[in-house]
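Survey of secondary and tertiary structure
Chain by chain, the residues:
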Amino acid sequence: METLQYAIRKLIYAIPLLFGVTFLSFILMVHFGPDLTYSILPKSATQEQIEEIRAELGYDLPFLQRYGKFMKEVVTLDFGSSTSSGEKVSSILKKAVPVSFLVALPAFILANLLGILLALYAANHRGRFPDKAVMVLAAIGMSISYLMVVIAFQLIFCTSYGLNWFPVQGWVEPPPDYPDATAGEIFYYYWYYYWSYVAVPTLASIFVALGYNTRFFRAVIVEELNRDYVRTARAYGVRNRKIMMKHVLKNAMIPISTRIIITLPFVVIAGNLVVEKFFGIPGVGLVTYDAITNGDLPIVKAVVTCTAVLYVLALILTDIVYKIIDPRISYSK
Amino acid sequence: MSEEEVIVGRESLWTKSGRKLLRDRAGVAAMVVVGIYGIIALLVSFGVIAQDWDKLGEEGFEGMSAAHWFGTNINGQDIFARALQGIKTAFQVGVVVAISATAIGGILGAIAGYFHRTIVDEVIMWIYGCIDAIPFYLFVAAVAFALKGAEFTVPVLDLHISLAPYAMHIAMIATFWSSTCRIVRGEVIKIRGLEYIQAAKAIGVGPLTIIRRHVMPNTSHLLLVQSTIAFVGAIKSEVILTFLGLGVKEGVSWGIMLSESINDVLRGHMGNFLGASGFLFVLVIAFNMFADALQDALDPKKVSG
């Protein structure tokens, strides 16, 4: 009951934030945004046609009514049609979101998992050589630009100057239509091509994220190691492995999982602009990139607003989940 | 700790931290590297070196030579001179963004922290909460949309400055201030409970004067560290944003060089890639190390250790 109350209160507190992010998107992209009238109309449009399209886009409405119209788009998830291809924005995104998800997921899981393992290893040898080595590597990883990594990895893994193991660019095509292909063969086809296109982007993303992750996770674990209960446990002669795994890691999981959960909407919806553009993967990132370069406002509007709203919802969700798993958290805190 | 370091007389946090920073060998080395970059940036800005960066040569993709240290790019332009010009661009972006973002974050953070648990605090937290919810690259894109065709008009001089080329700077400042604000706010919430602030209140000093004279100077060590972090963030973001077509459009920057190099490397010409990424990597790692050393040196809890 108390948890429910807490959840409702959190949701109420999110309302100003949801209002704020939608309002900010509205101000930047609709109110001050580009005038789309002439990119929709044919070249020799009559005055009536101009009036008509302006009324349809809502340019003749007062500020608050335009904001209302925008909010209706957000709530119904209907952002109109792309100005460059004419396709519905919702159907474009419906195709792109799963692709981004598939591309981002392996890197996301591995970068966090490896980050935690390296951080545990470093924290366990705090101040000694292994710790210093891991932290120096993390600092180097943090200092390399994403763009440098993708260029270098493509060169190493995808071209004849390097190993030439993977295709340079592209994404899985539907399998050729063999009438007697078994389900297993089709599955193998998808599996094979999925990894051949996703392997290098995954390696690059892990390489870039690992430094930041390790540093953050190590700081959290070291802070936990300095607590009194760790000393008490050591005084009782509890073995180091048990202290690290059962007590320290378990307590450190709260800040660690917050970080993981709140980055999830960015990974899934915003996609990864750099990787998808660079490797030609038709996910949300590439769709957004094309929309930015073509000035395709409805798509950018949809992506920005959806990501921001999902981020706020993820924040609330983490709060509520913690309330359930960690009895120490109370509203007053 | 040796005996000579027993502190004699009064010593401020700054001199103490300065001594600590100078003892940190990695920190000093990083500081020297950043200093060299800074001097090059100044020399380039004042037209002493690397002025022929946009001079077209006769032959593209030359190898390394005495005339062209890193070879030439597709247009026969000298890559080394372009990389040096890139230092100037990087410092321009970094310094403008770091100073503005830290100043805004510092002031708003101090106000929010001082007026903790009032509507002022809630509003400031609400603003940065909203900005943090929008992914950075998309935010820059949104700002670029908003500033397309926007002009800043200086009223008296009748000057019209187009804002579109500065969309990147504006967006970076608009997002980078939030982390500074959060940190300063937390520190000020601690400071405002201290006796000297209560004493100032008791003798009738106004809240804005207290914030300006007594609260903000005590957050300057945080601002220093935050500005180094913002500097590195700005330089790294410039590269990505330029690649995405949202960043530097005029002149030359490491982002432009790396974007050009994408096609070069597939044809086996590494000059652009190695030149730009080498300079970028060394500057960023030196600045990161400097920021770490600074943070350790300024942390009062660690000064004694």
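Residues numbered from 1 in each chain as written. Chains lettered and ligands numbered in written order. Predicted model: local features only at pLDDT ≥ 70, side-chain atom pairs only at ≥ 80, totals over all residues.

Here we look at the overall build of chain A
Scanning chain A for helices and strands turns up 13 helices and 0 strands. When the elements of chain A are put in sequence order from the N terminus, they spell out α-α-α-α-α-α-α-α-α-α-α-α-α. Considered along the principal axes of its C-alpha atoms, chain A spans approximately 85 × 60 × 45 Å. Counting over 333 residues, chain A shows a buried share of 34%. Of the contacts formed within chain A by residues at least 6 apart in sequence, a portion of 70% connects residues at least 24 apart. (Helix = DSSP H or I, 4+ residues; strand = E, 2+ residues; numbered from the N terminus. Buried ≥ 20, exposed ≤ 12 C-beta atoms within 10 Å, placed from the backbone. Contact = placed C-beta atoms within 7 Å.)

A short note on the interface of chain B and chain A
The interface of chain B with chain A comprises 35 residues on the first partner and 40 residues on the second. Where the side of chain B that touches chain A is concerned, the elements lending two or more residues are α4 (119-133), α5 (136-147), α9 (220-243), α10 (254-266) and α11 (271-298) of chain B. Looking at the side of chain B that touches chain A, the element that brings in the most residues is α11 of chain B, giving 8 residues. A class-by-class count of the residues in the side of chain B that touches chain A yields 27 nonpolar, 6 polar and 2 charged. (Nonpolar A, V, L, I, M, F, W, Y, C, P; charged D, E, K, R; others polar.)

Regarding unusual backbone geometry
Residues and elements named next belong to chain A. Within the chain, Leu 77 stands out as a residue other than glycine whose phi angle is a positive 55°. Within the secondary structure, Leu 77 is located in the loop between α4 (63-76) and α5 (89-124). C-beta crowding within 10 Å serves as the criterion here: with 12 such atoms nearby, Leu 77 is assigned to the exposed category. Phi is positive for Asn 164, which is not a glycine, with a value near 60°. By secondary structure assignment, the location of Asn 164 is in the loop between α7 (146-158) and α8 (183-225). Judged by the 12 C-beta atoms lying within 10 Å of it, Asn 164 falls in the exposed class.

Side note on the packing of helix α3 (residues 79-114) of chain B against helix α6 (residues 167-191) of chain B
Residue and element names in this part refer to chain B. Put simply, α3 and α6 touch, their axes get as near as 6 Å, and they point 40° apart. Our classification of the angle between α3 and α6 gives oblique. For the pair α3 and α6, the sense of crossing is right-handed. Grouping the amino acids of the contact of α3 with α6 by side-chain chemistry returns 18 nonpolar, 9 polar and 2 charged. (Axes fitted to C-alpha atoms, helices over the stretch in contact; angles between N-to-C directions. Parallel < 35°, antiparallel > 145°, perpendicular 65-115°, else oblique. Left-handed = near helix turned anticlockwise from the far one by under 90°.)

A closer look at the pairing of strand β1 (residues 151-154) of chain B
Pairing of β1 of chain B with strand β2 (residues 159-162) of chain B, which is carried by 4 bridges, proceeds in the antiparallel orientation. Residue pairing across strands places Glu 151 of chain B opposite Ser 162 of chain B, the latter belonging to β2 of chain B. (Pairing = 2+ DSSP bridges.)

Some points on the confidence of the model for chain A
The predicted coordinates should not be examined in detail at positions where pLDDT is low. For chain A, per-residue confidence averages 85 on the pLDDT scale, and residues scoring 70 or more make up 95% of the total. The weakest mean pLDDT in chain A belongs to helix α2 (residues 37-40) of chain A at 68; the strongest belongs to helix α6 (residues 129-143) of chain A at 92. (pLDDT = per-residue confidence, 0-100.)

Some remarks on α3 of chain B
Helix length check: α3 of chain B, at 36 residues, gives a terminal C-alpha distance of 51 Å against a target of 52 Å (1.5 Å per residue), a fit within 8%. Most of α3 of chain B sits inside the fold, with 27 of its 36 residues counted as buried. (Expected span 1.5 Å × (residues − 1).)

Observations regarding the packing of helix α13 (residues 297-325) of chain A against α5 of chain B
The interhelical angle for the contact between α13 of chain A and α5 of chain B, taken along N-to-C directions, is 135°, at an axis separation of 10 Å. Between α13 of chain A and α5 of chain B, the angle is such that the two are oblique. For the pair α13 of chain A and α5 of chain B, the crossing hand works out as left-handed. Along the contact surface, α13 of chain A presents Leu 297, Val 300, Val 303, Val 304 and Thr 307 of chain A, while α5 of chain B presents Leu 138, Ala 141, Ala 142 and Phe 145 of chain B. Of the residues in the contact of α13 of chain A with α5 of chain B, the class split is 8 nonpolar, 1 polar and no charged.

Some thoughts on the confidence of the model for chain B
Looking at chain B as a whole, its pLDDT mean stands at 85, while 93% of the residues score no less than 70. Within chain B, the element-level pLDDT minimum falls on helix α12 (residues 300-303) of chain B, averaging 58, and the maximum on α3 of chain B, averaging 93.

Quick word on the nonpolar core
Ranked by internal contacts, the top residues of the largest apolar core, which has 154 residues, are Val 300 of chain A together with Val 140 and Ala 142 of chain B. Residues Leu 118, Ala 119, Ala 123 and Ile 256 of chain A belong to the second largest nonpolar core, which totals 14 residues. (Core = buried A, V, L, I, M, F, W, Y, C linked by C-beta atoms within 7 Å.)

Section: the environment of Thr 232 of chain A
Residue and element names in this part refer to chain A. For Thr 232, the position within the fold is in helix α9 (residues 228-235). For Thr 232, a count of 11 C-beta atoms within 10 Å gives the class exposed. Considering only alpha carbons, one finds Thr 232 and Asn 272, 40 residues apart in sequence, at a separation of 45 Å.

Quick word on α10 of chain B
In this model, α10 of chain B (13 residues) spans 18 Å end to end at C-alpha, consistent with the 18 Å of a helix rising 1.5 Å per residue. Along its length, α10 of chain B reaches its greatest deviation from straightness, about 30°, at Glu 260 of chain B. Buried within α10 of chain B we find Trp 254, Gly 255, Ile 256, Met 257, Leu 258, Ser 259, Ser 261, Asp 264 and Val 265 of chain B. In this structure, the buried side of α10 of chain B is in contact with α7 of chain A together with α3, α9 and α11 of chain B. Of the residues trailing α10 of chain B, Gly 268 of chain B is marked for its positive phi of about 90°. (Bend = angle between axes of the 7 residues up to and from the residue.)

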